[in-house]
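# Reading the structure
What follows is each chain in one-letter form.
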Amino acid sequence: MALPNVTGLTPDTFILTGIPGMEQLHVWISIPFCSMYLAALLGNGVLLATIWWERSLHQPMFLFLSMLALADLTLSTTAVPKMLALFWFQAREISFGGCLTQMFFLHFTCLMESVILLAMAFDRYVAICFPLRYGAVLTPAAVAKAGLAALLRNFCIMFPCVLLLRRLPYCGHRVIPHTYCEHISIARLACADIRANLWYGLVLPFGMGMLDLLLIAVSYAFILLALARLPSASARHKALHTCSSHLCVLLLFYVPVAFAALTQRFGQSVSPAVHILLANLYVLFPPLLNPVVYGVRTQQIRDGVVKVFIRPRSLVLRR
C-alpha cells in the first residue's frame, strides 16, 4: 500500500476550544487570569530592573534570579495572550507553525526553569559549604557559561519534539481541547502511531526534569550536612534562611509541573476542564509568585527596590 501524502495531511490551522464545558464562563475566567498575568509582568519587570540598575545585586545568586524572571516572563507570555484572545474575541484558530512554536517555547521554558533552579541550588551549596571559594567558583563568566549550556541542552531536548510532530499525518483533525498548544495534545490529533511521541515526551523532557530535581536534592543534602556542623544555632538559622526562598520557588514549580504532566498522561479520571484550568494556572502561578517570594524574603532585593524606584521618586517630590 502506498504511504499517505503526509504534507497534504498537515492542516494549515488548528482550533483551540478553550476550557471544555465552561465556554459560557470564558469571559469571567479571563478576569483573574488577565489580572495575574499583568501582576506577573509587573513583578518580574520590577525584579529585572532592580537587578539591572542596582550594582550591589550583580552577584551570581541574583543573576540566576534574573534568568528565572526572564524564563517566567517567556512562559506566561507564550500562553496567556493567545488564551485571552480566545476568551475575549473567540480567536480560536492558530496556524500549524504557530502552534508548534508555542509548544516548543512552553516546554523549552519549563526545562529552562528547571535547570535554573538547579543552578540556584548549586549556588547555595557553594555559598554555604565553600564560602571562601564562592567568588572563585561562581564568576560572571561561569554564570554566563551555565546559562548558555542550559539553552543548548534544552534546545537539543525540545527540537526533536517539533520534528516528531511535523512528520505525523493529521487527516483533517484540527480541534485541540485546550487553551494553548502542547506536545501530547497535538500528537493525539494524528491519524498514525504516536508511540514515539508519547515515549519521547514522557521519558526525555520529564526525565531531565527529574534528574534536575535529584541533583537539587543532592545539593540540599550536602547543605544540611554543612549546617549540622555549624557551631551556633544563629549561624544555622541565617544560612537556612538564605535557602528558604529557593525552597518555596521549588515547590511552586515542581508540584504543578508534576501534577500536570502525570494527569495529562495517566489521569483519565480527571475531567478535561479541571486539567486545563490547572494547566493554565501552572503558566501563571510561578511567574506571579516567584518575584513576590524573593522580594518579601530577600533583604537585598527589598533595599534595591527602594533605591531604584522609591527613593528617586521621593527626591523628585521634595524638589
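Going by what an unreviewed UniProt entry lists, the chain is known as Olfactory receptor and is assigned to Elachura formosa. Within the UniProt record for the chain, the comment given under Function (unreviewed entry) is "Odorant receptor."

## Thoughts on the nonpolar core
Counting 52 residues, the largest nonpolar core has Phe 14, Met 103, Tyr 170, Ile 186 and Val 283 as its most contacted members. Of the residues forming this core, the biggest block, 9 residues, is contributed by helix H3 (residues 96–129). Discounting chain neighbours no more than four positions away, the residues touching Met 103 are Met 158, Cys 161, Val 162, Leu 165, Cys 181, Glu 182, His 183 and Ile 186.

## Quick look at the state of the cysteines
What is meant by a disulfide is a covalent connection between two cysteines, made through their sulfur atoms. Throughout the structure, instances matching the rule amount to 2 disulfides. Covalently, Cys 99 is tied to Cys 181 through a disulfide, its sulfur atoms 1.9 Å apart. Its torsion about the S-S bond being -115 degrees, the disulfide of Cys 99 and Cys 181 is classed as left-handed. On the criterion of sequence distance, the pair formed by Cys 99 in helix H3 and Cys 181 in the loop between strand E3 (175–176) and helix H6 (183–187) is long-range, its members being 82 residues apart. Considered together, Cys 99 and Cys 181 belong to a single accessibility category, that of buried residues. The side chain of Cys 171 participates in a disulfide bridge whose partner is Cys 191; the two sulfur atoms lie 1.6 Å from each other. Taking the torsion about the S-S bond as the criterion, the Cys 171 to Cys 191 disulfide, at about 70 degrees, is right-handed.

## Concerning the side chain of Glu 182
With respect to the helices, strands and loops of the structure, Glu 182 is situated in the loop between E3 and H6. A polar contact is formed between the side chain of Glu 182 and the side chain of Ser 185, at a distance of 2.6 Å.

## Some thoughts on the UniProt feature "transmembrane region" (unreviewed entry) in the chain
Following the UniProt record, the feature "transmembrane region" (unreviewed entry) maps to residues 27–49, 61–80, 100–122, 198–227, 239–262 and 274–294 here. Across residues 100–122, the secondary structure splits into 100% helix and 0% strand, with the terminal C-alpha atoms separated by 33 Å. Split by type, residues 274–294 is 90% helix and 0% strand. Its first and last C-alpha atoms lie 29 Å apart.

## Things to note about the confidence of the model for the chain
The pLDDT averaged across the chain works out to 87; a share of 92% of its residues lies at or above 70. Across residues 1–7, where pLDDT falls below 50, the model places 5 contacts with residues more than four positions away in sequence or in other chains.

## Remarks on the packing of helix H1 (residues 26–53) against helix H2 (residues 60–89)
Pairs of packed helices are described in terms of their axes, by the angle between the two and the distance that separates them. For the pair H1 and H2, the least separation of the axes is 9 Å and the interaxial angle reads 155 degrees. For the element pair H1 / H2, the angle class is roughly antiparallel. Considering only the axes of H1 and H2, their crossing is left-handed. Its residues placed into classes, the contact of H1 with H2 shows 22 nonpolar, 6 polar and 1 charged.

Calculation rules
Residues numbered from 1 in each chain as written. Predicted model: local features only at pLDDT ≥ 70, side-chain atom pairs only at ≥ 80, totals over all residues. Heavy atoms only, no water. UniProt positions renumbered as here; feature names shortened; annotations may be inferred. Core = buried A, V, L, I, M, F, W, Y, C linked by side-chain atoms within 4.5 Å. Buried < 20%, exposed > 50% of the residue type's maximum accessible area, 1.4 Å probe, protein only. Helix = DSSP H or I, 4+ residues; strand = E, 2+ residues; numbered from the N terminus. Contact = heavy atoms within 4.5 Å. Disulfide = S-S within 2.5 Å. Polar contact = N/O pair within 3.5 Å; in protein donor to acceptor, adjacent residues only side chain to side chain. pLDDT = per-residue confidence, 0-100. Axes fitted to C-alpha atoms, helices over the stretch in contact; angles between N-to-C directions. Parallel < 35°, antiparallel > 145°, perpendicular 65-115°, else oblique. Left-handed = near helix turned anticlockwise from the far one by under 90°. Nonpolar A, V, L, I, M, F, W, Y, C, P; charged D, E, K, R; others polar.

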